[in-house]
Amino acid sequence: DTAVSQTPKYLVTQMGNDKSIKCEQNLGHDTMYWYKQDSKKFLKIMFSYNNKELIINETVPNRFSPKSPDKAHLNLHINSLELGDSAVYFCASSLIPGTGSGANEKLFFGSGTQLSVL
Amino acid sequence: LAKTTQPISMDSYEGQEVNITCSHNNIATNDYITWYQQFPSQGPRFIIQGYKTKVTNEVASLFIPADRKSSTLSLPRVSLSDTAVYYCLVGGVATNKLIFGTGTLLAVQP
């Protein structure tokens, strides 16, 4: 069983379209994340949810809207796609929300969604 | 925020021990040091985590000096399948102190 699964794996679309990426984790974790990895392989956090509540929202355009129907799911909806949105998007989860204590705070990543905006 | 600095790339041969060093001069008292491995077309995978001194698991060892301003990931006897990008991460998880560095591309040759 895949621990963190995201769909689709590849997403090719035109500028201006709206698209969604789905993520599910079966690890029983409380916290889920979305990361963006650009062509230079920089991995940046976008959002973090703990028990369906937003706890991290980095400087991300409001065209990106995460939705968490329950703590096992965190979907990413993107409106009015732009060329610069092309990247690999990773979903991740962790057990403990984090107080900076570190211990047991491992991130489990999905296999990524390669988004190409034409 | 504790920023990390790693070599962009390293080359090695099969069977050798590889040491990748990460600098994190501004590490905070409560920060842990975590290393992840990423293969092409996959998400990063946790390798090892430590706070101070030495940590060893079945995959790697992590050496952290007393001042904690750097850390070294040691991979014993690498194989071709260890070719990947290795990220050093300092901080907690669900805080805005999450910073992945540029990563080190390790290329293992036969």
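Above: the structure in question.
Residues numbered from 1 in each chain as written. Chains lettered and ligands numbered in written order. Predicted model: local features only at pLDDT ≥ 70, side-chain atom pairs only at ≥ 80, totals over all residues. Heavy atoms only, no water.

**Q** Help me understand the layout of surface pockets in this model?
**A** Rolled over the atoms, a probe as big as a water molecule pinpoints where empty space is left. A volume near 290 Å³ is recorded for the second largest pocket. Lining the second largest pocket are 19 residues, and of these Lys41 of chain A together with Phe39, Pro40, Ser41 and Gln42 of chain B lie nearest its centre. At the level of elements, strand E9 (87-94) and strand E11 (113-117) of chain A together with strand E8 (84-91) of chain B are the ones that each hand at least two residues to the lining of the second largest pocket. (1 Å grid on protein atoms, 1.4 Å probe; cavity = no way out; pocket = protein on both sides within 12 Å on 5 of 7 lines; lining within 4 Å. Points joined across faces, edges and corners; volume = space filled by probe spheres on them. Helix = DSSP H or I, 4+ residues; strand = E, 2+ residues; numbered from the N terminus.)

**Q** What's the story with the pattern of salt bridges in this structure? I'm lost.
**A** When the charged atoms of two side chains lie near each other, side chains of opposite charge can form a pair. Residue and element names in this part refer to chain A. For the coordinates displayed, the defined rule picks out three salt bridges over all chains. Of the charged contacts in the structure, one is a salt bridge between Asp30 and Lys71, with a shortest N-O distance of 2.9 Å. Linking Asp30 in the loop between strand E3 (19-25) and strand E4 (31-37) with Lys71 in the loop between strand E7 (64-70) and strand E8 (73-78), this pair joins segments that are 41 residues apart in sequence. When the shortest N-O distance is used, the salt bridge between Asp85 and Arg63 registers 2.8 Å. On the criterion of sequence distance, the pair formed by Asp85 in the loop between E8 and E9 and Arg63 in the loop between strand E6 (53-57) and E7 is long-range, its members being 22 residues apart. In the salt-bridge network here, residues are joined through shared partners; they are Arg63, Glu82 and Asp85. (Salt bridge = Lys/Arg side-chain N within 4 Å of Asp/Glu carboxyl O.)

**Q** Looking at this structure, how should I read the environment of Gln6 of chain B?
**A** Residue and element names in this part refer to chain B. Looking at the secondary structure, you find Gln6 in the segment before strand E1 (9-13). Not counting residues up to four positions away in its chain, the partners in contact with Gln6 are Ile20, Thr21, Cys22, Trp35, Tyr86, Tyr87, Cys88, Gly101, Thr102, Gly103 and Thr104. Engagement of the side chain of Gln6 in a polar contact is seen with the backbone nitrogen of Cys88, the distance being 2.9 Å. (Contact = heavy atoms within 4.5 Å. Polar contact = N/O pair within 3.5 Å; in protein donor to acceptor, adjacent residues only side chain to side chain.)

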